[in-house]
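Descriptive analysis of the structure
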Amino acid sequence: TLSSIPVLGAVEEAIAISEYVVAMDPLCGQCQYQLQRADRLNGQFDEAEGAARAAMILLPERTGMPLERDLARTLFFKGEFEAALEVAAAAEALQVQAAALYKLGRNAEYAGVLQQAKETYGAAHPAYVAWTYAAIGEYDLALEWLEKPTEHDPASKARELEYWVFRPLRDNPRFVAMQEEIGVSPAQLEAINFQPPLPPGVTIN
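Right, let's walk through the structure included here. This is a predicted model, so every value here is computed, not measured.

1. Topic: the nonpolar core
In terms of nonpolar packing, the biggest core is built from 45 residues, with F76, W131, Y133, L146, F166 and F175 touching the most fellow members. Per-element tally for this core: the top contributor is helix α8 (residues 126–135), with eight residues. Beyond its immediate chain neighbours, meaning those up to four positions away, L146 contacts A127, A130, K157, L161, F166, L169, F175 and M178. In terms of nonpolar packing, the next biggest core, distinct from the first, is built from 10 residues, V11, I15, L41 and A51 among them.

Right, dumping it as structure tokens:
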């Protein structure tokens, strides 16, 4: 599926395909959702925000698409911490709330929300707690939480490791070891040499 293409090391291809599909059907909310995700994974936050807001309009009764949480993440990466906090609070995205509070210097509130995030996500989604720690530069703690066992399938784990917030960890041996365990380390992906077919006339810049 389109959502799996970035996991296989083809983020730019995912963006190109998503942009093509959106151009063909700009009212496709699911297409806008996939585009905002691919844009964010590539650090294109202005584009990701636009696609996320379009998807929110086109998918008012969506299920299984955490667009408010995704928008909060994008706003955080843009440095718009107040806006990120507002959206994250409405979406109950505790990991983004905590990181935004930290960046705003609201340390007591940060500590409380971080503890709530650990209690809420710790067992089933430790990568969400890792997200907060990585977002505030606590990379050793982020790795500790990423290394915690979960019942996630390898594809879900691979998507978590692909999050933009973990980019600074990509050369860390512990992070690479986690990628290797599920078959998505840079060396393993290079050996696969995955090249998704592009629509006619679509090229990668």
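Picking up where we left off.
2. Focus: the pattern of salt bridges
For the structure on display, the rule yields 10 salt bridges. Measuring nitrogen to oxygen at the nearest pair gives 2.8 Å for the salt bridge that ties E109 to R106. Measuring nitrogen to oxygen at the nearest pair gives 2.9 Å for the salt bridge that ties R174 to E147. Here R174 is found in helix α11 (residues 173–182), whereas its partner E147 is found in the loop between α9 (139–146) and α10 (154–161), with 27 residues between them in sequence. The exposure class assigned to R174 is partly exposed, which follows from its relative accessible area of 32%. Each of the salt bridges in this network shares a partner with another, and the network as a whole consists of D46, E49, R53, K78 and E80.

3. A closer look at the environment of L67
Within the secondary structure, L67 sits in helix α4 (residues 67–77). Separated by 14 residues in the primary sequence, L67 and R53 place their C-alpha atoms 8.3 Å from one another.

4. Some remarks on α4
The buried count for α4 comes to nine of 11 residues, which makes it a mostly enclosed element. When we look at burial in α4, the residues that qualify are L67, R69, D70, L71, A72, R73, T74, L75 and F76. Residue G79 follows α4 closely and has a positive phi angle near 85 degrees.

The rules behind the values
- Residues numbered from 1 in each chain as written.
- Predicted model: local features only at pLDDT ≥ 70, side-chain atom pairs only at ≥ 80, totals over all residues.
- Heavy atoms only, no water.
- Core = buried A, V, L, I, M, F, W, Y, C linked by side-chain atoms within 4.5 Å.
- Buried < 20%, exposed > 50% of the residue type's maximum accessible area, 1.4 Å probe, protein only.
- Helix = DSSP H or I, 4+ residues; strand = E, 2+ residues; numbered from the N terminus.
- Contact = heavy atoms within 4.5 Å.
- Salt bridge = Lys/Arg side-chain N within 4 Å of Asp/Glu carboxyl O.

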